[in-house]
Each structure stands twice: as C-alpha cells, then as structure tokens.
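Structural overview for review
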Amino acid sequence: QVQLVESGGGLVQPGGSLRLSCAASGSIFSAYAMGWYRQAPGKQRELVARVTSGGGNTNYADSVKGRFTISRDNAKNTVYLQMNSLKPEDTAVYYCNVRRGYISSSSLTAGYWGQGTQVTVSS
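So, here is what we can say about the structure in this document. (Residues numbered from 1 in each chain as written. Predicted model: local features only at pLDDT ≥ 70, side-chain atom pairs only at ≥ 80, totals over all residues. Heavy atoms only, no water.)

So, on to the packing of aromatic side chains. In total, this model carries 2 aromatic pairs according to the counting rule given. Relative to Tyr 112, the ring of Tyr 32 lies with its centre 6.1 Å away and its plane at 15°, an arrangement referred to as stacked. Of this pair, Tyr 32 sits in strand 4 (residues 32-39) while Tyr 112 sits in strand 10 (residues 112-113), and the two are 80 residues apart along the sequence. Arg 19 extends its terminal NZ or CZ atom over the ring of Tyr 80, reaching a point 4.0 Å from the ring centre. The ring of Trp 113 carries Arg 45 above its face, with NZ or CZ at 4.6 Å from the centroid. (Phe/Tyr/Trp six-rings, centres within 6.5 Å; stacked < 30°, edge-to-face > 60°. Helix = DSSP H or I, 4+ residues; strand = E, 2+ residues; numbered from the N terminus. Lys NZ or Arg CZ within 6 Å of the ring centre and 35° of its normal.)

Rendered as structure tokens:
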C-alpha cells in the first residue's frame, strides 16, 4: 500500500514560482513511475509531467514545457514539481500519482493518488 501527501500549493502572482512536494510511504514506491496531474475548474484532469522510477526519463505537457521541472529523490521517497513563470491557466488542483511503470500515463485512474493541493495564479 502507498500513501501520498502533496504540499506546496498556494496563491501566486503571474510570473511567480511554486514548488510542489509529494511525500510517499510504501515499500515499493521507488519502483514506480510518477506523474503530476491537474484539474482546473470545469475542465478534465490532465497529465502535467511524469518521471520514470529511476528519474532518468521525464515528459511534460506542451503547455508547461520549459517552465515546470519534475524530479524525484528515491532516498527520501519524495517527488517534486518546480513550477516557474506561472500563468493564470495553470490554476488547478494538482495531484501526485504513482504507478507501476508498465501502466501508461494516459490512464487517469491507475495507481495511487494524493489528496491534491490547490495552485491559484492570479494578479
């Protein structure tokens, strides 16, 4: 069993930065791939970023490329999402997800999920 707890969300002005953290517990966390997903009001949940279990392969949604960075520290059982140059359209609830590597990130229900943390970008 895996538990995920996100933190680091909040209110920030456009152009600002936030760093989200996801603290994980569970004996098989280091073997999982990880993704950050978000859901904005009135919109479908979408994949933001993902990283493989070893941290060597990352992918990003086109809308966040060059602004967001995903990383993980397996020794600390923690994954991060550094968000820079934030835009109002980044406003959403951000969810941490971990899953076995052979399960595609396109699945919006697979694996384990955190409770979500609110990110609001507004002037």
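Moving on, there is more to tell.
Right, let's get into the pairing of strand 9 (residues 92-100). In this structure, strand 4 lies alongside strand 9, joined through 8 bridges in antiparallel fashion. Considered in strand 9, the bridge of Gln 39 is made with Val 93. Direction of pairing for strand 9 relative to strand 11 (residues 117-121): antiparallel, over a ladder of 3 bridges. Bridged to Ala 92 within strand 11 is Val 119. As paired strands, strand 9 and strand 10 are joined by 2 bridges and run antiparallel to one another. Opposite Val 98, over in strand 10, you have Tyr 112 as the bridge partner. (Pairing = 2+ DSSP bridges.)

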